Amino acid sequence: MNIDLIFRIAAIGILVSVLNALLNKSGREEQAMMTTIAGLVVVLLMIVKEIAHLFDTVKTLFQL
Amino acid sequence: MEIFQIVGLGVVATILAIVIKAHRPEIAIQISLLTGIIILVVILGKISAVVDLLNSYAQKVNIDLIYFSTLLKIIGIAYIAEFGAEVCRDAGEGAIASKVELAGKVIIILLAVPIITSLLDLIISILP
């Protein structure tokens, strides 16, 4: 059971928001936007793997 | 006991999601989604024991396998449809959630049609 995944994603979220605020303060709005999107993509990739795992489990269990 | 771990995990993940919701709402939703997935995977592990038990009884009482497997399929579809609908509703998208639920209901009805027809045939054969 990969509970650490939750904490990893929370860490990424906090990191991205801090980085975003930092970049916005220093006047680089577009870099801030880029980091936000990059963080989102990384988190999405992790989540999609977990969703696929859940759906496979349900498929095998309920003979779908 | 498993339940303590699950409840602890749920509470911690909720707090994390709230912390992040202020700054990055899209990542907060993904945290709640991921927590739901992890808890479901644990629960499905337990449900599989019950399903195997029911399967063995179904064979013993030689109930027609089609009915039992359709029943399992319907339960699975309802399970996943509810999971998706709740995630969408949690994110604030009520319209998408209701569409997902509607799709789930339609698919379940489609699966139930053969059972309904066999039931009706049975009733007709019983009537004088």
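As the structure is a prediction and not an experimental result, all values here were calculated from the model.

Further remarks concern the packing of helix α1 (residues 4–25) of chain A against helix α1 (residues 2–21) of chain B. Where α1(A) contacts α1(B), the two axes come as close as 10 Å, and the packing angle between them is 10 degrees. The angle between α1(A) and α1(B) falls in the class roughly parallel. Contacts between α1(A) and α1(B) pair Ile6(A), Phe7(A), Ala10(A), Gly13(A) and Ile14(A) from the former with Leu9(B), Val12(B), Ala13(B), Leu16(B) and Ile20(B) from the latter. Of the residues contributing to the contact of α1(A) with α1(B), the split by class is nine nonpolar, one polar and no charged.

Excluding glycine, residues mostly have negative phi values, and the peptide bonds linking residues are mostly trans. Residues and elements named next belong to chain A. Positive phi outside glycine occurs at Gln63, with the angle close to 50 degrees. Note that Gln63 resides in the segment after α2 (29–61). Residue classification places Gln63 among the partly exposed positions, given a relative accessible area of 34%.

Another aspect to go through is the domain arrangement of chain B. All names here are of chain B. Domain assignment breaks chain B into domain 1 (1–46) and domain 2 (64–128). Here the C-alpha centroids of domain 1 and domain 2 sit 27 Å apart. Each partner contributes residues to the interface: domain 1 has eight residues there, and domain 2 has five residues. Note on domain 1 versus domain 2: buried area summed over both sides is about 520 Å², and carbon and sulfur give 80% of it. Looking only at domain 1, the three residues that lose the most surface to domain 2 are Ile29, Leu33 and Leu40, adding up to 65% of its buried area. Where domain 1 packs against domain 2, one counts zero salt bridges. Applying the counting rule to domain 1 against domain 2 returns zero residue pairs in polar contact (both at pLDDT 80 or more).

We now examine the interface of chain A and chain B. Each partner contributes to the interface: chain A provides 29 residues, whereas chain B provides 32 residues. Buried surface at the junction of chain A and chain B, summed over both partners, amounts to about 2,800 Å²; 85% is from carbon and sulfur atoms. At the junction of chain A and chain B, the tally comes to zero salt bridges. For the interface between chain A and chain B, the tally reads zero residue pairs in polar contact (both at pLDDT 80 or more). Contributing elements (two or more residues each) for the side of chain A that touches chain B: α1 and α2 of chain A. Here the residues of the side of chain A that touches chain B sort into 20 nonpolar, eight polar and one charged.

Attention shifts here to a nonpolar patch on the surface. Judged by side-chain polarity, Ile14(A), Val18(A), Ile3(B), Phe4(B), Val7(B), Val11(B), Ile15(B) and Val19(B) come together as a nonpolar surface patch covering roughly 740 Å² of accessible area. Where the nonpolar patch is concerned, the elements lending two or more residues are α1 of chain A together with α1 of chain B. With six residues, α1(B) is the largest single contributor of residues to the nonpolar patch. Among the structural elements, Val19(B) can be located in helix α1.

Conventions used here
- Residues numbered from 1 in each chain as written.
- Chains lettered and ligands numbered in written order.
- Predicted model: local features only at pLDDT ≥ 70, side-chain atom pairs only at ≥ 80, totals over all residues.
- Heavy atoms only, no water.
- Axes fitted to C-alpha atoms, helices over the stretch in contact; angles between N-to-C directions.
- Helix = DSSP H or I, 4+ residues; strand = E, 2+ residues; numbered from the N terminus.
- Parallel < 35°, antiparallel > 145°, perpendicular 65-115°, else oblique.
- Contact = heavy atoms within 4.5 Å.
- Nonpolar A, V, L, I, M, F, W, Y, C, P; charged D, E, K, R; others polar.
- Buried < 20%, exposed > 50% of the residue type's maximum accessible area, 1.4 Å probe, protein only.
- Domains from an automatic or database assignment.
- Buried area = accessible area lost by both parts, 1.4 Å probe.
- Salt bridge = Lys/Arg side-chain N within 4 Å of Asp/Glu carboxyl O.
- Polar contact = N/O pair within 3.5 Å; in protein donor to acceptor, adjacent residues only side chain to side chain.
- Patch = residues over 30% accessible without salt bridge, like charges linked within 9 Å, V, L, I, M, F, W, Y side chains within 5 Å.
- Areas by Shrake-Rupley, 256 points an atom, 1.4 Å probe, with all protein chains shown as cover.

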